[in-house]
Structures are given as structure tokens and as C-alpha cells.
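Below, each chain spelled out in residue letters.
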Amino acid sequence: MANTKAVFSLLIALSAFSLLLLPKCIHAHPLKVCMFDAIYQLGDSISDTGNLIRENPVFPCSRLPYGETFFKKATGRCSNGLLMIDYIALAAGIPFLPPYLDHDKSIFRGWGKNFAVAGSTALSNDLLAKMNISSPFTSSYLNVQLDWMSTYFNGICHNADG
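This write-up is about the structure you can find in this document. Please read all numbers here as calculations on a predicted model, not as lab measurements.

## Concerning the pattern of salt bridges
In this structure the tally under the stated criterion is 2 salt bridges. The residue Arg54 makes a salt bridge to Asp102 at a minimum N-O spacing of 3.3 Å. Placement of the pair is Arg54 in helix α2 (residues 51-55) and Asp102 in the loop between α3 (84-92) and β2 (112-114), with a sequence separation of 48 residues. Overall, the relative accessible area of 35% leaves Arg54 in the partly exposed class. Across the salt bridge formed by Arg77 and Asp86, the nearest N and O atoms sit 2.8 Å from each other. Judged by its relative accessible area of 5%, Arg77 falls in the buried class. Overall, Asp86 belongs to the buried group, its relative accessible area being 1%.

## Digging into α3
An α-helical turn contains 3.6 residues, so any two residues separated by three or four positions project in the same direction. Those residues of α3 lying buried are Ile85, Asp86, Ala89, Ala91 and Ala92. Contact partners of the buried residues in α3: β1 (39-41) and β2. Positive backbone phi, approximately 75 degrees, marks Gly93, located one or two places after α3.

## A word on the side chain of Asn51
For Asn51, the location among the structural elements is in helix α2. One polar contact links the side chain of Asn51 to the main-chain carbonyl oxygen of Ala116, over a distance of 2.8 Å. Other than its neighbours up to four places away in sequence, Asn51 contacts Pro99, Tyr100, Leu101, Asn114, Phe115, Ala116 and Val117.

## Brief notes about unusual backbone geometry
Residue Leu64 is joined to Pro65 through a cis peptide bond whose omega torsion reads 15 degrees. Mapped onto the elements, Pro65 comes out in the loop between α2 and α3. Positive phi outside glycine occurs at Lys72, with the angle close to 65 degrees. Assignment of secondary structure puts Lys72 in the loop between α2 and α3. Even without being a glycine, Asn132 presents a positive backbone phi close to 60 degrees. Topologically, Asn132 is positioned in the loop between α4 (125-130) and α5 (142-161).

## Some points on the nonpolar core
Core analysis: the largest hydrophobic core is formed by 13 residues, its most contacted members being Leu52, Tyr100, Phe115, Trp148 and Tyr152. For this core, the element with the most residues is α5, which contributes 4 residues. For Trp148, the residues in contact, after removing those within four places along its chain, are Glu55, Tyr100, Leu101, Phe115, Val117 and Ser140. Grouped together as the second largest cluster of nonpolar side chains are 7 residues, Ile39, Ala89, Ala92 and Ile94 included.

## Overview of the packing of aromatic side chains
Tallied over the entire structure, the rule returns 10 aromatic pairs. Aromatic side chains Phe59 and Phe137 sit 5.2 Å apart centroid to centroid with 85 degrees between the ring planes, which places their arrangement in the edge-to-face category. Separated by 78 residues along the polypeptide, Phe59 in the loop between α2 and α3 and Phe137 in the loop between α4 and α5 bring together distant segments of the chain. Taking relative accessible area as the criterion, Phe137 reaches 43% and is therefore assigned partly exposed. Ring centres 6.0 Å apart and planes at 70 degrees place the aromatic pair Phe115 and Tyr152 in the edge-to-face group. Of this pair, Phe115 sits in the loop between β2 and α4 while Tyr152 sits in helix α5; the two residues are 37 residues apart in sequence, bridging distant segments of the chain. For Tyr152, a relative accessible area of 1% corresponds to the buried category. Among the aromatic residues, those joined into a cluster by ring pairs are Tyr40, Tyr100, Phe115, Trp148, Tyr152 and Phe153.

Cut-offs and rules
- Going along each chain's sequence as written, the residues are numbered from 1 onward.
- Two thresholds apply to this predicted model, a pLDDT of at least 70 for residue-level local features and 80 or more for giving and counting side-chain atom pairs, whereas whole-chain, interface and lining totals are computed over all residues.
- Heavy atoms from the whole structure form the basis of all side-chain values; hydrogens and water molecules are not counted.
- The salt bridge criterion pairs a side-chain nitrogen of Lys or Arg with a carboxyl oxygen of Asp or Glu, the two atoms within 4 Å.
- Helix and strand assignments come from DSSP, with helices taken as H or I runs of at least 4 residues and strands as E runs of at least 2, each series counted from the N terminus.
- Using a 1.4 Å probe on the protein chains alone, a residue whose accessible area is under 20% of its type maximum counts as buried, one over 50% counts as exposed, and one in between counts as partly exposed.
- What makes two residues a contact is simply this: any of their non-hydrogen atoms within 4.5 Å.
- Any N or O atom pair separated by 3.5 Å or less is treated as a polar contact, with the protein-specific requirement of one donor-capable and one acceptor-capable atom, and with residues adjacent in sequence counted only for side-chain atom pairs.
- To qualify as a nonpolar core, a set must consist of buried Ala, Val, Leu, Ile, Met, Phe, Trp, Tyr and Cys residues joined through side-chain atoms within 4.5 Å.
- Classification of ring pairs rests on two measures: the distance between centres of Phe, Tyr or Trp rings, Trp counted by its six-membered ring, which must be within 6.5 Å, and the angle between planes, read as stacked under 30 degrees, edge-to-face over 60 and tilted in between.

Geometry only, nothing functional implied.
Set out below in C-alpha cells:
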């Protein structure tokens, strides 16, 4: 019984000690070891970095308080702070993904693109309507995002050849 208590005490002590060292040992960009050079995102509001507000500028996430805490301005994220894809980009040492529909960006090649649109669905609005389901926010469902991605990749490949 004494040995069990000693081992248990040692484990607790080692655990506590490792917690003290943890902040110093964690690499600032833990995904950098994977050497990702780009991220391409499909999805809905949980990952949209601004495509919906380019389609629909009056959508609520186009103005404060959305973005107020981290970015100090509205970015089109349906969040006041960072999204999961932002944390993944940070961990990989890659800049935040620009929304695909942000045509103001002159960088065509780079660290990736975000094709996600808040409110999007996997099925088309026409198919949803046949099932009496409405999708009022966007018509950029998954197939549209895949078309954007295909167009983007075709552009990169053609520009790389010429």
C-alpha cells in the first residue's frame, strides 16, 4: 500500500511539474512541423471568413459587434473573434484565409482560400424547396463552393504553366 501511495504521489508531482513547464515547451506553431503551405476551406458559418457579406452586404455579420474583439472591425466572420480555421492557420504559421469572393485581393496564389459561405447547405436550394425547406441566406451551397475551388485551382495551374 505504501508503494502505491509513493508512486501515486510521484505521478502527481511529475504532472504538476510538467504543467509548470508546459507553456515554455509548447511550440508557438505546432502544425508548422507538417509544413503546410496552404489551406483550402469549404463550409458554412463556422468557417466563413467573409464570403456571405460579399454576396449579401446587409447581413448582420458585416457590421459590429462581429469582429470587434480580435479584428477591431467587421470581417464577415459570424463570430466576435477567431474561427476554428483561423486557429488552424495560426497553428500552421499560415496567414488567415481570405474569402474567395474578396476580389479586392490582388494575391491570386498564396496561402490558400476560403470558399465557405455562412448559411450554405450541402443540397441546392431547388432541391431543398422541393422538400419544403427554405435556405434564405445564400444559394452558394456545397456544389457552388466546389465549382469556385475548381476554378481557383484551374487558374493556379494555368498561371503556373505560363
